[in-house]
Amino acid sequence: MSTDNRLGFIEIAGMPREVGLQLGRFGRDIAHRHLVHGHAWASVLAFRADPRVAAMRRMVEARFPACWAELQGLALGLDLPFDDVFLWNCRGDLWAFAPDGCTTVQIPGAEPLLAHNEDGDPGFRGHCALAHIRPGGGTAFTSFVYPASIPGHTFAVTATGLVQTVNNIRSRGVGAGLPRMVLGRALLDCPSIDAAIHLLESSERAGAFHMTLGQRGDPRLVGVEFTHKHCSAVTLDRPQCHANHLVHAGMAGERQVITGSSRSRQQRGDQLIAEGGEGLRDPRAILWDKAVSPLPIYRAQPDDPDHENTLATAVFHIGANAIRWQVHDRPEETPRFVMDGTLKPVS
């Protein structure tokens, strides 16, 4: 897609199967050249015979038929077997070491400020995009998208003014339920923070995620952590950082994998927030921090132990009437995209 390793922008519209088809065509080349030859793909597909997979398939088809159709279109566009693509979109529900990381800075206030590093497979650099999607029968949104994955597990803004950022949780307590990425996709159709929380609390969940939710015209920032067994929603009352492992008090008994990078980023983020200063005015100062070597918050090293690099940084100013946001694909440079109260770039 990209000859200069820059983040692209695509527009997609249609019924769910057509949306998936276009997403699949977008990611097809790099999926065949890179994804299907990697360790992560092989590790996830090793779960083909896991009885939870059949249960997840039945649940998605029955509860979220639009997402089911989107996944079918995605497989068709990728020119890959549906069973394989479905498994890949259940990767974090089946395999605790699924390759997704991320760091989020949450600053509540009269105009909440939310910022997020999207950390993923460095082999996808130049092959990801911001996608403006207008699904027939659903809510329009703009989301960071990876090849071969449905939207809803990265960062996004919807036409109802809902802002979603997502962090991986490497849970050891997974079970039969709806795949976490399907729940993230379904959340993009929710009209409000409360509706989104209700969706996550009331659904049968397979795996685990952390989400930060904000909304135009709502002064709250809400952190949500969910696992197969539990769901915790906390309205934030002070600046915080989240580096892709469970930190809510209500999740203390949950079994999880905390990698060295995840622990280091959480500790450094907490330190920078406690010190105050520039990071509370401009959270990019936190998200682009490289002071802790070899496990910095901003991840660009080729030998990252989790095999992840920071592919984009998004900053959201959530106002009473509009969401102003920008996305960087390189640190300490001008934004790649600026959205001034819209779902499409104005520059």
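Residues numbered from 1 in each chain as written. Predicted model: local features only at pLDDT ≥ 70, side-chain atom pairs only at ≥ 80, totals over all residues. Heavy atoms only, no water.

An unreviewed UniProt entry lists the protein chain under the name Peptidase C45, with Shinella yambaruensis given as the organism.

Peer 1: Sorry if this is basic, but what is going on with the state of the cysteines here?
Peer 2: Two cysteines joined by a covalent bond between their sulfur atoms form a disulfide. All chains considered together, the criterion is met by 0 disulfides. Here C67 stays free of any disulfide, with the sulfur of C90 as its closest cysteine sulfur at 9.5 Å. For C67, a relative accessible area of 7% translates into the label buried. A disulfide-free cysteine, C102 has its sulfur positioned 11 Å from the sulfur of C128, the nearest such atom. Taking relative accessible area as the criterion, C102 reaches 2% and is therefore assigned buried. (Disulfide = S-S within 2.5 Å. Buried < 20%, exposed > 50% of the residue type's maximum accessible area, 1.4 Å probe, protein only.)

Peer 1: Help me understand helix α9 (residues 260-275), please; the structure alone is not making it clear to me.
Peer 2: Three or four residues apart is the spacing at which side chains of an α-helix point the same way, because the helix has 3.6 residues per turn. The end-to-end C-alpha distance of α9, which contains 16 residues, comes to 23 Å, matching closely the 22 Å that a straight helix rising 1.5 Å per residue would cover. Where the residues of α9 are buried, they touch β2 (103-107), β3 (113-120), β11 (240-242), α10 (278-281) and α11 (284-287). (Helix = DSSP H or I, 4+ residues; strand = E, 2+ residues; numbered from the N terminus. Expected span 1.5 Å × (residues − 1). Contact = heavy atoms within 4.5 Å.)

Peer 1: What am I meant to see in the environment of F26 here?
Peer 2: Positionally, F26 belongs in helix α1 (residues 16-33). Residues F26 and V224, spaced 198 residues apart in sequence, show a C-alpha to C-alpha distance of 31 Å.

Peer 1: What is the right way to read the pattern of salt bridges from this model?
Peer 2: Pairs may arise between side chains of opposite charge once their charged atoms sit close together. All chains considered together, the criterion is met by 19 salt bridges. Linking D329 and R6 is a salt bridge whose minimum nitrogen-to-oxygen distance equals 2.7 Å. Of this pair, D329 sits in the loop between β13 (323-328) and β14 (337-340) while R6 sits in the segment before β1 (8-14), and the two are 323 residues apart along the sequence. A single burial state applies to D329 and to R6, both of which are buried. Its salt-bridge partner being D189, residue R185 comes within 4.0 Å of it at the nearest N-O pair. By relative accessible area, R185 is classed as buried at 6%. Residue D189 is classed as partly exposed on the basis of its relative accessible area, which comes to 36%. By sharing partners, the salt bridges in this structure join D119, R170, R299, D304, D306 and E308 into a single network. (Salt bridge = Lys/Arg side-chain N within 4 Å of Asp/Glu carboxyl O.)

Peer 1: Would you explain the side chain of S232 in this entry?
Peer 2: You can see S232 is positioned in strand β10 (residues 231-235). A distance of 2.8 Å separates the side chain of S232 from the side chain of H248, its partner in a polar contact. Residues within four places of S232 in sequence aside, it is in contact with G223, V224, E225, H248 and M251. (Polar contact = N/O pair within 3.5 Å; in protein donor to acceptor, adjacent residues only side chain to side chain.)

Peer 1: Mind showing me how you'd approach the packing of helix α3 (residues 51-63) against helix α4 (residues 65-78) here?
Peer 2: For any two helices packed against each other, one specifies the inter-axial angle together with the distance between the axes. Packing of α3 against α4 brings their axes to within 5 Å, and their N-to-C directions diverge by 115°. Mapping the contact onto sequence places R57, V60, E61, A62 and R63 in α3 and P65, W68 and L71 in α4. The residue makeup of the contact of α3 with α4, split by class, is 5 nonpolar, no polar and 3 charged. (Axes fitted to C-alpha atoms, helices over the stretch in contact; angles between N-to-C directions. Nonpolar A, V, L, I, M, F, W, Y, C, P; charged D, E, K, R; others polar.)

Peer 1: What should I look at first to understand the packing of aromatic side chains in this one?
Peer 2: How two aromatic rings sit relative to each other is set out by the distance from centre to centre and by the angle between their planes. Throughout the structure, instances matching the rule amount to 11 aromatic pairs. Between the aromatic rings of F9 and F337, the centroid separation amounts to 6.1 Å while the plane-to-plane angle is 55°, which identifies the pairing as tilted. Note that F9 is positioned in strand β1 and F337 in strand β14, a separation of 328 residues in sequence. Among the aromatic residues, ring-to-ring pairing joins F124, F144, Y146, F155, F316 and W325 into one connected group. Sitting over the ring of F86, R57 keeps its end group 5.9 Å from the ring centre. (Phe/Tyr/Trp six-rings, centres within 6.5 Å; stacked < 30°, edge-to-face > 60°. Lys NZ or Arg CZ within 6 Å of the ring centre and 35° of its normal.)

Peer 1: How should I be thinking about the UniProt feature "domain: Peptidase C45 hydrolase" (unreviewed entry) in the protein chain in this particular structure?
Peer 2: UniProt's entry tags residues 112-329 with the feature "domain: Peptidase C45 hydrolase" (unreviewed entry), counted in the numbering of this structure. Secondary structure across residues 112-329 divides into 19% helix and 33% strand, with the first and last C-alpha atoms of the span separated by 23 Å. (UniProt positions renumbered as here; feature names shortened; annotations may be inferred.)

Peer 1: How should I be thinking about the environment of Q266 in this particular structure?
Peer 2: Checked against the element boundaries, Q266 lands in helix α9. Sequence separation between Q266 and G207 is 59 residues; the distance between their C-alpha atoms is 21 Å. Within the local environment of Q266, its side chain forms a polar contact with the backbone oxygen of C241, the two atoms lying 2.8 Å apart. Among the polar contacts listed, one links the side chain of Q266 to the backbone nitrogen of A243, at a separation of 2.8 Å.

Peer 1: I keep staring at the pairing of β10 and nothing clicks. Help me out?
Peer 2: Side-chain positions along a regular strand alternate between the two faces of the sheet. Of the strand pairs in this sheet, strand β9 (residues 218-226) and β10 are connected by 5 bridges, and their pairing is antiparallel. Bridge pairing in β10 places F226 opposite C231. In this structure, the hairpin formed by β9 and β10 is closed by a connection of 4 residues. (Pairing = 2+ DSSP bridges.)

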